[in-house]
Amino acid sequence: MTTYQKMGEWLVSAGLLTPAQLKEALKAQRAARGRLGEVLTAMGLVTEDQVLMCLSAQYDIPMADLDKIVPEQAALKLVSHTYAQSALFFPYSVSETEIEAVCSDPIDIRPSDELTRVTGKKCRLMLASPTALYRAINRWYLDLRPFTTPPTKSDIELEVVEGQIREEAPGGRRIKVQTQEDRAQLLLLLNEHTAEPGLWDKLT
């Protein structure tokens, strides 16, 4: 069994981050109160794909090749486009007993748990980077619409869960879509609240 490593330690041991860069990133993370992976990508120290490799190794969840996934309409109808975007949760296949889905955050188990509760089907997950997943969700939900059937019970209940996730996630953290605009806002937040005024001058 592989020994679990924290993200920063894993990235350093993989040669993707130096100890000095990790120290600066942890300092910025404390100031911004964000996830380390989000802070590292916002600072430009690692890519989303490198963070994804780490998460895949940490949680033993395979990475998805979104270019090869063609979702079933029945799977897309399990959750609304809005919910899929908000939670970054992309169901693409459904059988009598199982739902296959892609997520970007293996720590956030609420979408899969709620879908299991509502449908009675087990969720099998793969991982993709936030940006790639967001684009795939938009592509398939827009390409395969319109859905002429009314919202299902699971869709309605999951919309309620969406509000809970936004407002009641542990530590008050809101689920965010990692678009470039979000990253720019995170950079501004880091720059505004960091305890060391010259931090960003040193990194750029």
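Residues numbered from 1 in each chain as written. Predicted model: local features only at pLDDT ≥ 70, side-chain atom pairs only at ≥ 80, totals over all residues. Heavy atoms only, no water.

A. A look at the sheet that holds strand β1 (residues 89-94). With mixed pairing, the three strands of this open sheet are ordered in space as β1-β2-β3. Of all strands in the sheet, those bounded by a partner on one side alone are β1 and β3 (122-127). Going across the sheet, the axis of each strand differs from the next one's by a mean of 30°, ignoring polarity. On the sheet, helix α7 (residues 110-119) packs against β1, β2 (98-103) and β3 and is oriented at approximately 155° with respect to β3. Running at roughly 55° to β1, helix α8 (residues 130-143) makes contact with β1 and β2 of the sheet. (Pairing = 2+ DSSP bridges. Helix = DSSP H or I, 4+ residues; strand = E, 2+ residues; numbered from the N terminus. Axes fitted to C-alpha atoms, helices over the stretch in contact; angles between N-to-C directions. Contact = heavy atoms within 4.5 Å.)

B. Representation of the nonpolar core within the structure. Counting 45 residues, the largest nonpolar core has Leu 11, Leu 40, Ile 69, Phe 90 and Val 102 as the members making the most contacts within it. Element by element, the count of residues in this core is highest for α8, at five residues. Excluding its chain neighbours within four sequence positions, the residues that come into contact with Ile 69 are Ala 64, Phe 90, Tyr 92, Val 102, Met 126 and Trp 140. (Core = buried A, V, L, I, M, F, W, Y, C linked by side-chain atoms within 4.5 Å. Buried < 20%, exposed > 50% of the residue type's maximum accessible area, 1.4 Å probe, protein only.)

C. Representation of the pattern of salt bridges. Inspection of the entire model under this criterion finds five salt bridges. Glu 100 is the partner of Arg 124 in a salt bridge, and the nearest nitrogen-oxygen pair spans 2.5 Å. Residue Arg 124 is located in strand β3, and its partner Glu 100 is located in strand β2; the two are separated by 24 residues in the primary sequence. What makes Arg 124 partly exposed here is its relative accessible area of 44%. We classify Glu 100 as buried; its relative accessible area is 17%. (Salt bridge = Lys/Arg side-chain N within 4 Å of Asp/Glu carboxyl O.)

D. Expanded view of the side chain of Glu 100. Among the polar contacts made by the side chain of Glu 100, one reaches the side chain of Arg 124 at a distance of 2.5 Å. If we ignore the near neighbours within four places in the chain, the residues touching Glu 100 are Phe 90, Pro 91, Tyr 92, Ser 93 and Arg 124. (Polar contact = N/O pair within 3.5 Å; in protein donor to acceptor, adjacent residues only side chain to side chain.)

E. Focus on the confidence of the model for the chain. In the predicted model, the chain carries a mean pLDDT of 78, and the fraction of residues at 70 or more is 68%. The least confident element of the chain, judged by mean pLDDT, is helix α11 (residues 199-203) at 32; the most confident is β2 at 98. This stretch, residues 159-181, has a pLDDT under 50; its non-local contacts, to residues over four places away or in other chains, come to 41 contacts. Taken together, the stretch residues 191-204 has pLDDT below 50 and engages in 13 contacts with residues farther than four places along the chain or on a different chain. (pLDDT = per-residue confidence, 0-100.)

F. Representation of the pairing of β1. Along β1, five of the six residues are buried, which leaves the element largely enclosed by surrounding structure. In this structure, β1 lies alongside β2, joined through five bridges in antiparallel fashion. Residue pairing for β2: Pro 91 is matched across the bridge by Ala 101. A loop of three residues connects β1 with β2, the two strands running antiparallel in sequence.

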